[in-house]
Amino acid sequence: MGDNIHNHSMGFRRPARVVFLSGRPDGLAAEALALSQEMAAGWMEVRAAVLPGCAGPVAVLDGDDLVWGDLLVTLDAAALAGMPQRRAGMQHRHYPFEPDEQDMAGVLARLRERIAGMTGGLRMLHKAAQVDEEP
């Protein structure tokens, strides 16, 4: 993540700001939001959005989301293809979760694992910053 959330002398100054983006109306971005709030409180602040023209249970991505976020996570091929220009400091990750109506429980389990990994990575960065501080 960028220096706006981390510096070597103080560790983390604030939680990472993550925007989950879906190009489908299936609610996967809303699921990512709910799981992140449950699993990553204190480590991530999260917003969920869909592409314009995609009706869903969350808001349409707007410029404020792109200014606010440190990381944009696209959740499906449609989101990756329709992803707007990001500001220079906003990172991007693509975690392809193509919804499978026959196994939505499996999709959600994989999403949970990915969010757990993101949270674990933030914890490791924080711990490393604290070790760097020690004489």
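Only a predicted model underlies this, so the values are computations on that prediction, with no experimental measurement involved.

Cut-offs and rules
- Residues numbered from 1 in each chain as written.
- Predicted model: local features only at pLDDT ≥ 70, side-chain atom pairs only at ≥ 80, totals over all residues.
- Heavy atoms only, no water.
- Helix = DSSP H or I, 4+ residues; strand = E, 2+ residues; numbered from the N terminus.
- Areas by Shrake-Rupley, 256 points an atom, 1.4 Å probe, with all protein chains shown as cover.
- Salt bridge = Lys/Arg side-chain N within 4 Å of Asp/Glu carboxyl O.
- Pairing = 2+ DSSP bridges.
- Axes fitted to C-alpha atoms, helices over the stretch in contact; angles between N-to-C directions.
- Contact = heavy atoms within 4.5 Å.
- Phe/Tyr/Trp six-rings, centres within 6.5 Å; stacked < 30°, edge-to-face > 60°.
- Lys NZ or Arg CZ within 6 Å of the ring centre and 35° of its normal.
- Buried < 20%, exposed > 50% of the residue type's maximum accessible area, 1.4 Å probe, protein only.
- Polar contact = N/O pair within 3.5 Å; in protein donor to acceptor, adjacent residues only side chain to side chain.

Q: Please explain the overall build of the chain as it appears in this structure.
A: Per the secondary structure count, the chain includes four helices and six strands. Listed N to C, the secondary structure of the chain is β-β-β-α-β-α-β-α-β-α in terms of helices and strands. Carbon and sulfur atoms form 54% of the exposed surface of the chain, whose accessible area is close to 7100 Å².

Q: I keep staring at the pattern of salt bridges and nothing clicks. Help me out?
A: When charged atoms on two side chains of opposite charge get close, those side chains can pair. In total, this model carries six salt bridges according to the counting rule given. A salt bridge links Arg47 to Asp64; the shortest N-O distance between them is 3.0 Å. Here Arg47, found in strand E4 (residues 44-50), pairs with Asp64, found in helix H2 (residues 63-68); they are 17 residues apart in sequence, far enough to count as distant. Beyond isolated ion pairs, a larger network of salt bridges with shared partners links Arg47, Asp64 and Asp65.

Q: I keep staring at the sheet that holds strand E3 (residues 16-22) and nothing clicks. Help me out?
A: Backbone hydrogen bonds are what pair the strands of a sheet, in a parallel or an antiparallel way. An order of E4-E3-E5-E6 is seen for the four strands of this open sheet, with the pairing classed as parallel. The open sheet has two edge strands, E4 and strand E6 (91-94), and neither has a second partner. Averaged over all adjacent pairs, the angle separating strand axes in this sheet is 20 degrees, with direction ignored. Where E3 meets E4, seven bridges bridge the pair, whose relative direction is parallel. What sits directly across from Leu21, in E4, is Ala49. Sitting on the sheet, helix H1 (residues 28-39) is in contact with E3 and E4, with an inclination near 170 degrees to E4.

Q: In this structure, what is going on with the packing of aromatic side chains? I would like to understand it.
A: For any two aromatic rings, the description comes down to two numbers: the centre-to-centre distance and the angle of the planes. Going through the model one piece at a time under the given rule, you end up with zero aromatic pairs. Sitting over the face of the ring of Trp68, Arg47 holds its NZ or CZ atom 4.1 Å from the ring centroid. One residue, Arg114, lies across the ring of Tyr95, its end atom 3.9 Å from the ring centre.

Q: What is the right way to look at the environment of Asp26 in this model?
A: Mapped onto the elements, Asp26 comes out in the loop between E3 and H1. Of the residues examined, Asp26 reaches a relative accessible area of 29% and is grouped as partly exposed. In the structure, Asp26 is positioned 31 residues away from Pro57 in sequence and 8.3 Å away in space, judged by C-alpha atoms. A polar contact is formed between the side chain of Asp26 and the backbone nitrogen of Leu28, at a distance of 2.9 Å.

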